[in-house]
Amino acid sequence: MSQIRSMSQEIFVHLAPKIPKKLSPEWTRFVCMSDTHNSIDPNKYQVPDGDIFIHAGDMTRVGMIEEVRETVNWIKSLPHEHKVVIAGNHDLTLDETFYEKNWNRFHYNKEDSNEAINIIKNAGHGIVYLYENSFTIPHKGIQIWGSPWTPEFYEWAFNGQRGQFLKEKWGQIPQTTHILMTHGPPNNILDKTYKGDNVGCKDLLERIEEIKPYVHVFGHIHEGYGILEKTWESTENQDQDRKKTIFINASTNTLNYSPENTAVIFDFPPLNSL
Ligand code: 5GP
Ligand code: MN
Ligand code: MN
Ligand code: MN
(Lines give C-alpha, C1' and ligand atoms only; values in the text may rest on other atoms or scores of the structure.)
(Ligands and ions follow the chains in the order given, each with its own letter.)
Protein backbone atom coordinates (compact mmCIF):
# COMPACT_ATOMS: atom_id res chain seq x y z
CA MET A 1 0.00 0.00 0.00
CA SER A 2 2.58 2.57 -0.93
CA GLN A 3 0.05 4.81 -2.59
CA ILE A 4 -3.71 4.73 -2.46
CA ARG A 5 -5.66 7.41 -4.17
CA SER A 6 -9.31 7.50 -3.53
CA MET A 7 -11.70 10.09 -4.86
CA SER A 8 -15.03 10.81 -3.33
CA GLN A 9 -17.00 14.03 -3.02
CA GLU A 10 -13.74 15.39 -4.41
CA ILE A 11 -11.93 14.42 -1.23
CA PHE A 12 -8.51 13.00 -2.06
CA VAL A 13 -6.73 10.45 0.11
CA HIS A 14 -2.96 9.96 0.04
CA LEU A 15 -0.50 7.63 1.70
CA ALA A 16 3.20 8.31 2.13
CA PRO A 17 5.64 8.33 0.45
CA LYS A 18 3.77 9.72 -2.59
CA ILE A 19 2.08 12.85 -1.33
CA PRO A 20 1.25 15.39 -4.04
CA LYS A 21 0.77 19.09 -3.41
CA LYS A 22 -2.66 20.36 -2.36
CA LEU A 23 -4.82 21.33 -5.34
CA SER A 24 -5.07 24.88 -4.02
CA PRO A 25 -4.47 26.76 -0.76
CA GLU A 26 -8.20 26.84 0.07
CA TRP A 27 -8.22 23.08 0.54
CA THR A 28 -7.58 21.65 3.99
CA ARG A 29 -5.02 18.89 4.39
CA PHE A 30 -5.68 16.47 7.26
CA VAL A 31 -2.95 14.15 8.54
CA CYS A 32 -4.37 11.22 10.50
CA MET A 33 -2.71 8.93 13.02
CA SER A 34 -3.99 6.72 15.80
CA ASP A 35 -2.80 4.17 18.34
CA THR A 36 0.70 5.51 18.69
CA HIS A 37 0.93 3.99 22.23
CA ASN A 38 4.11 5.92 23.16
CA SER A 39 5.98 4.20 20.37
CA ILE A 40 6.62 7.13 18.09
CA ASP A 41 10.19 8.34 18.06
CA PRO A 42 9.96 11.83 16.52
CA ASN A 43 13.50 11.38 15.18
CA LYS A 44 12.53 8.29 13.23
CA TYR A 45 8.86 8.65 12.38
CA GLN A 46 8.33 11.54 10.01
CA VAL A 47 4.86 13.04 10.38
CA PRO A 48 3.80 14.61 7.08
CA ASP A 49 2.98 18.31 7.10
CA GLY A 50 -0.58 19.54 6.66
CA ASP A 51 -3.18 21.91 8.07
CA ILE A 52 -4.88 19.70 10.64
CA PHE A 53 -3.39 16.80 12.60
CA ILE A 54 -5.80 14.14 13.83
CA HIS A 55 -5.10 11.53 16.51
CA ALA A 56 -7.88 8.97 17.08
CA GLY A 57 -6.87 7.72 20.52
CA ASP A 58 -4.64 5.23 22.34
CA MET A 59 -1.91 7.82 22.64
CA THR A 60 -0.37 5.88 25.54
CA ARG A 61 0.06 2.33 26.85
CA VAL A 62 -1.59 2.77 30.24
CA GLY A 63 -2.28 6.49 30.56
CA MET A 64 0.32 7.43 33.16
CA ILE A 65 0.87 11.17 33.55
CA GLU A 66 4.37 10.94 32.11
CA GLU A 67 3.08 9.10 29.04
CA VAL A 68 0.35 11.69 28.53
CA ARG A 69 2.85 14.50 28.97
CA GLU A 70 5.34 13.04 26.50
CA THR A 71 2.72 12.37 23.86
CA VAL A 72 1.24 15.83 24.28
CA ASN A 73 4.72 17.38 23.98
CA TRP A 74 5.29 15.44 20.79
CA ILE A 75 1.94 16.54 19.31
CA LYS A 76 2.62 20.13 20.39
CA SER A 77 5.85 20.07 18.43
CA LEU A 78 4.08 19.28 15.15
CA PRO A 79 3.71 22.09 12.60
CA HIS A 80 -0.04 21.69 11.94
CA GLU A 81 -2.18 24.68 12.87
CA HIS A 82 -4.76 22.59 14.75
CA LYS A 83 -4.21 19.17 16.32
CA VAL A 84 -7.49 17.44 17.10
CA VAL A 85 -7.18 14.49 19.46
CA ILE A 86 -9.40 12.04 21.32
CA ALA A 87 -8.59 9.44 23.97
CA GLY A 88 -8.74 5.67 23.59
CA ASN A 89 -9.25 2.73 25.94
CA HIS A 90 -5.54 2.70 26.87
CA ASP A 91 -5.49 6.34 27.98
CA LEU A 92 -6.71 5.31 31.42
CA THR A 93 -6.30 8.48 33.47
CA LEU A 94 -8.31 10.50 30.97
CA ASP A 95 -11.40 8.51 32.01
CA GLU A 96 -11.69 9.91 35.52
CA THR A 97 -14.66 7.78 36.67
CA PHE A 98 -13.12 4.60 35.33
CA TYR A 99 -9.69 5.36 36.74
CA GLU A 100 -11.04 6.10 40.20
CA LYS A 101 -12.48 2.59 40.38
CA ASN A 102 -9.89 0.63 38.44
CA TRP A 103 -6.50 2.30 38.86
CA ASN A 104 -4.98 -0.52 40.93
CA ARG A 105 -5.58 -3.04 38.16
CA PHE A 106 -2.97 -1.16 36.13
CA HIS A 107 -0.78 1.10 38.28
CA TYR A 108 1.22 0.63 41.50
CA ASN A 109 0.61 4.22 42.54
CA LYS A 110 -2.52 6.17 41.84
CA GLU A 111 -2.04 9.00 39.40
CA ASP A 112 -4.02 12.22 39.30
CA SER A 113 -6.69 12.02 36.59
CA ASN A 114 -7.32 15.74 36.81
CA GLU A 115 -3.69 16.50 36.10
CA ALA A 116 -3.67 14.24 33.05
CA ILE A 117 -6.85 15.82 31.71
CA ASN A 118 -5.49 19.31 32.34
CA ILE A 119 -2.26 18.52 30.51
CA ILE A 120 -4.15 17.64 27.37
CA LYS A 121 -6.98 20.18 27.66
CA ASN A 122 -4.71 23.13 28.33
CA ALA A 123 -1.81 22.10 26.15
CA GLY A 124 -2.11 25.05 23.77
CA HIS A 125 -0.06 24.96 20.55
CA GLY A 126 -3.25 24.23 18.61
CA ILE A 127 -4.16 21.06 20.52
CA VAL A 128 -7.92 20.50 20.71
CA TYR A 129 -9.02 17.63 22.95
CA LEU A 130 -12.47 16.37 22.01
CA TYR A 131 -14.72 14.46 24.34
CA GLU A 132 -18.19 14.11 22.83
CA ASN A 133 -18.04 17.57 21.37
CA SER A 134 -17.24 19.40 18.16
CA PHE A 135 -14.48 21.58 16.88
CA THR A 136 -15.24 23.84 13.96
CA ILE A 137 -12.19 24.87 11.98
CA PRO A 138 -11.99 28.68 12.13
CA HIS A 139 -12.77 30.46 8.85
CA LYS A 140 -13.53 27.16 7.13
CA GLY A 141 -16.58 25.89 8.98
CA ILE A 142 -15.57 22.23 8.76
CA GLN A 143 -17.12 20.47 11.77
CA ILE A 144 -15.27 17.68 13.52
CA TRP A 145 -16.90 15.66 16.30
CA GLY A 146 -14.98 13.20 18.47
CA SER A 147 -15.57 10.49 21.08
CA PRO A 148 -13.31 7.94 22.82
CA TRP A 149 -15.96 5.28 23.52
CA THR A 150 -15.57 1.69 22.27
CA PRO A 151 -17.57 -1.50 22.94
CA GLU A 152 -16.53 -3.37 26.09
CA PHE A 153 -13.41 -5.52 25.80
CA TYR A 154 -11.56 -6.56 28.96
CA GLU A 155 -12.81 -3.56 30.96
CA TRP A 156 -10.55 -0.76 29.83
CA ALA A 157 -11.25 2.97 29.86
CA PHE A 158 -14.15 4.48 27.90
CA ASN A 159 -15.63 1.00 27.41
CA GLY A 160 -19.39 0.94 27.00
CA GLN A 161 -21.98 -1.80 26.65
CA ARG A 162 -23.14 -2.57 23.15
CA GLY A 163 -26.81 -1.71 22.71
CA GLN A 164 -28.63 1.03 24.58
CA PHE A 165 -25.58 2.61 26.25
CA LEU A 166 -23.55 3.12 23.10
CA LYS A 167 -26.65 3.91 21.04
CA GLU A 168 -27.22 6.89 23.34
CA LYS A 169 -23.58 7.90 23.03
CA TRP A 170 -23.77 7.94 19.24
CA GLY A 171 -27.12 9.69 19.38
CA GLN A 172 -25.17 12.79 20.48
CA ILE A 173 -23.27 13.04 17.19
CA PRO A 174 -24.67 16.15 15.49
CA GLN A 175 -26.35 15.59 12.14
CA THR A 176 -24.19 18.42 10.78
CA THR A 177 -20.88 16.62 11.44
CA HIS A 178 -18.56 16.67 8.43
CA ILE A 179 -15.71 14.65 9.92
CA LEU A 180 -16.27 12.06 12.63
CA MET A 181 -13.54 10.84 14.96
CA THR A 182 -14.08 7.83 17.22
CA HIS A 183 -11.49 5.56 18.76
CA GLY A 184 -13.07 2.40 17.35
CA PRO A 185 -14.51 1.40 13.96
CA PRO A 186 -18.13 0.86 13.01
CA ASN A 187 -19.22 -2.72 12.37
CA ASN A 188 -17.89 -4.40 9.23
CA ILE A 189 -15.64 -1.52 8.27
CA LEU A 190 -11.88 -1.99 8.70
CA ASP A 191 -12.74 -3.78 11.94
CA LYS A 192 -11.63 -7.37 11.29
CA THR A 193 -9.30 -8.73 13.97
CA TYR A 194 -6.47 -11.14 13.21
CA LYS A 195 -8.84 -13.88 14.37
CA GLY A 196 -11.28 -12.96 11.63
CA ASP A 197 -14.06 -11.38 13.67
CA ASN A 198 -15.65 -8.07 12.74
CA VAL A 199 -15.77 -6.42 16.15
CA GLY A 200 -16.75 -2.85 15.20
CA CYS A 201 -19.78 -1.22 16.78
CA LYS A 202 -23.16 -1.90 15.12
CA ASP A 203 -24.82 1.00 16.91
CA LEU A 204 -22.15 3.34 15.56
CA LEU A 205 -22.74 2.09 12.02
CA GLU A 206 -26.47 2.77 12.37
CA ARG A 207 -25.81 6.35 13.45
CA ILE A 208 -23.30 6.84 10.63
CA GLU A 209 -25.94 5.71 8.16
CA GLU A 210 -28.12 8.57 9.39
CA ILE A 211 -25.40 11.22 9.31
CA LYS A 212 -23.24 10.09 6.41
CA PRO A 213 -20.19 12.12 7.45
CA TYR A 214 -17.77 12.87 4.62
CA VAL A 215 -14.94 11.20 6.50
CA HIS A 216 -14.78 8.94 9.56
CA VAL A 217 -11.37 8.52 11.21
CA PHE A 218 -10.71 5.85 13.85
CA GLY A 219 -8.15 3.24 14.93
CA HIS A 220 -8.27 0.70 17.80
CA ILE A 221 -8.27 -2.44 15.66
CA HIS A 222 -4.63 -2.09 14.65
CA GLU A 223 -4.76 -4.82 12.01
CA GLY A 224 -7.63 -3.00 10.27
CA TYR A 225 -5.35 -0.15 9.13
CA GLY A 226 -6.47 1.14 5.76
CA ILE A 227 -9.02 3.08 3.77
CA LEU A 228 -12.50 2.15 2.60
CA GLU A 229 -14.94 4.20 0.61
CA LYS A 230 -18.65 3.47 0.99
CA THR A 231 -21.31 4.74 -1.39
CA TRP A 232 -24.70 5.28 0.17
CA GLU A 233 -27.94 4.44 -1.54
CA SER A 234 -30.02 7.54 -2.14
CA THR A 235 -32.54 8.29 0.55
CA GLU A 236 -35.85 10.13 0.61
CA ASN A 237 -34.35 12.72 2.96
CA GLN A 238 -33.59 15.60 0.60
CA ASP A 239 -31.41 17.64 2.94
CA GLN A 240 -29.20 14.64 3.56
CA ASP A 241 -27.65 14.36 0.13
CA ARG A 242 -24.21 13.10 1.08
CA LYS A 243 -23.44 10.18 -1.18
CA LYS A 244 -20.23 8.75 0.18
CA THR A 245 -18.23 8.33 3.34
CA ILE A 246 -14.50 7.69 3.39
CA PHE A 247 -13.50 5.49 6.32
CA ILE A 248 -9.93 5.68 7.58
CA ASN A 249 -8.47 3.25 10.10
CA ALA A 250 -5.35 5.25 10.93
CA SER A 251 -3.73 2.81 13.41
CA THR A 252 -0.07 3.71 13.32
CA ASN A 253 0.94 0.67 15.32
CA THR A 254 0.61 -2.85 13.99
CA LEU A 255 -0.87 -5.68 16.03
CA ASN A 256 2.63 -6.16 17.53
CA TYR A 257 2.76 -2.53 18.65
CA SER A 258 5.30 -1.54 16.05
CA PRO A 259 4.81 1.92 14.47
CA GLU A 260 5.04 0.79 10.86
CA ASN A 261 1.91 2.29 9.31
CA THR A 262 2.24 5.68 7.69
CA ALA A 263 -0.07 8.56 8.47
CA VAL A 264 -3.15 8.75 6.25
CA ILE A 265 -3.68 12.08 4.55
CA PHE A 266 -6.82 13.51 3.04
CA ASP A 267 -7.45 16.80 1.32
CA PHE A 268 -10.83 18.38 2.00
CA PRO A 269 -12.21 20.94 -0.46
CA PRO A 270 -13.84 24.24 0.58
CA LEU A 271 -17.26 23.35 2.04
CA ASN A 272 -19.19 25.41 -0.49
CA SER A 273 -17.78 23.31 -3.33
CA LEU A 274 -19.06 20.01 -1.96
P1 5GP B 1 -5.93 -1.99 21.98
O2 5GP B 1 -5.63 -2.85 23.16
O3 5GP B 1 -4.73 -1.21 21.54
O4 5GP B 1 -7.14 -1.15 22.20
O5 5GP B 1 -6.28 -2.95 20.78
C6 5GP B 1 -5.26 -3.82 20.33
C7 5GP B 1 -5.80 -5.04 19.68
O8 5GP B 1 -6.71 -5.73 20.55
C9 5GP B 1 -6.60 -4.81 18.41
O10 5GP B 1 -5.75 -4.62 17.31
C11 5GP B 1 -7.43 -6.09 18.34
O12 5GP B 1 -6.67 -7.15 17.82
C13 5GP B 1 -7.72 -6.38 19.80
N14 5GP B 1 -9.04 -5.84 20.18
C15 5GP B 1 -9.34 -4.59 20.61
N16 5GP B 1 -10.65 -4.45 20.85
C17 5GP B 1 -11.21 -5.65 20.58
C18 5GP B 1 -12.57 -6.14 20.63
O19 5GP B 1 -13.53 -5.45 20.98
N20 5GP B 1 -12.75 -7.46 20.29
C21 5GP B 1 -11.71 -8.27 19.90
N22 5GP B 1 -11.98 -9.54 19.57
N23 5GP B 1 -10.45 -7.82 19.82
C24 5GP B 1 -10.19 -6.53 20.15
MN1 MN C 1 -4.55 0.55 20.32
MN1 MN D 1 -4.75 -3.61 24.80
MN1 MN E 1 -7.79 0.76 21.52
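Thresholds, definitions, all that
Residues numbered from 1 in each chain as written. Chains lettered and ligands numbered in written order. Predicted model: local features only at pLDDT ≥ 70, side-chain atom pairs only at ≥ 80, totals over all residues. Heavy atoms only, no water. Donors = N, O, S within 2.8 Å, 3.2 Å for Na, K, Ca; no water. Helix = DSSP H or I, 4+ residues; strand = E, 2+ residues; numbered from the N terminus. Core = buried A, V, L, I, M, F, W, Y, C linked by side-chain atoms within 4.5 Å. Buried < 20%, exposed > 50% of the residue type's maximum accessible area, 1.4 Å probe, protein only. Contact = heavy atoms within 4.5 Å. UniProt positions renumbered as here; feature names shortened; annotations may be inferred. Polar contact = N/O pair within 3.5 Å; in protein donor to acceptor, adjacent residues only side chain to side chain. Near = heavy atom within 4 Å. Areas by Shrake-Rupley, 256 points an atom, 1.4 Å probe, with all protein chains shown as cover. 1 Å grid on protein atoms, 1.4 Å probe; cavity = no way out; pocket = protein on both sides within 12 Å on 5 of 7 lines; lining within 4 Å. Sits in = over half its atoms within 2 Å of the grid points.

- The name an unreviewed UniProt entry gives the protein is Metallo-dependent phosphatase-like protein, with Glomus cerebriforme as the organism.

### Concerning the coordination of the manganese ion (ligand 2)
(1) Moving on: With distances of 2.1 to 2.2 Å, the protein atoms coordinating the manganese ion (ligand 2) are Asp35 (OD), His37 (NE2), Asp58 (OD) and His222 (NE2).
(2) Moving on: Between the manganese ion (ligand 2) and the manganese ion (ligand 4) the interatomic distance amounts to 3.5 Å, and Asp58 serves as a bridging ligand to the pair. Separated by 21 residues along the polypeptide, His37 in the loop between strand S3 (28–33) and strand S4 (52–55) and Asp58 in the loop between S4 and helix H1 (65–76) bring together distant segments of the chain.

### With respect to the nonpolar core
(1) Moving on: By size, the foremost hydrophobic cluster in this structure holds 47 residues, and its most contacted members are Met33, Val47, Phe53, Trp74, Ile75 and Leu94.
(2) Moving on: Contributions of two or more residues to this core are made by S3, H1, helix H2 (96–102), helix H3 (113–121), strand S6 (127–129), helix H4 (164–171) and helix H5 (202–211).
(3) Moving on: Element by element, the count of residues in this core is highest for H1, at 5 residues.
(4) Moving on: Not counting chain neighbours up to four residues away, the residues in contact with Val47 comprise Val31, Met33, Phe53, Trp74, Leu78 and His80.
(5) Moving on: Formed by 29 residues, the second largest nonpolar core is a distinct cluster that contains Ala56, Ile144, Tyr214 and Phe268.

### Here's the deal with the UniProt feature "domain: Calcineurin-like phosphoesterase" (unreviewed entry) in the protein
(1) Moving on: UniProt feature "domain: Calcineurin-like phosphoesterase" (unreviewed entry): in the numbering of this structure it lies at residues 29–223.
(2) Moving on: Across residues 29–223, the secondary structure splits into 24% helix and 19% strand, with the terminal C-alpha atoms separated by 25 Å.

### Things to note about the environment of Asp58
(1) Moving on: Looking at Asp58, the relative accessible area reads 1%, which means it is buried.
(2) Moving on: As for Asp58 and Pro20, which are separated by 38 residues in sequence, their C-alpha atoms are 29 Å apart.
(3) Moving on: Setting aside residues up to four positions removed in sequence, Asp58 forms contacts with Asp35, Thr36, His37, Ala87, Gly88, Asn89, His90, Asp91, His183, His220 and His222.
(4) Moving on: Here the side chain of Asp58 touches His90 through a polar contact of 2.9 Å, landing on its backbone nitrogen.
(5) Moving on: Side-chain polar atoms of Asp58 contact the side chain of His183, separated by 3.2 Å.

### Side note on the site of ligand 1
(1) Moving on: Lining the immediate surroundings of ligand 1 are 14 residues, of which Asn89, His90, His220, His222 and Glu223 lie closest.
(2) Moving on: Within the side chain of Asp58, one N or O atom sits 3.1 Å away from an oxygen atom of ligand 1.
(3) Moving on: Between ligand 1 and His220 there is a distance of 3.0 Å, counted from an oxygen atom to a side-chain nitrogen or oxygen.
(4) Moving on: Burial of ligand 1 by the protein amounts to 85% of the accessible area it has alone, namely 490 Å².
(5) Moving on: The cavity that encloses ligand 1 is the largest pocket.

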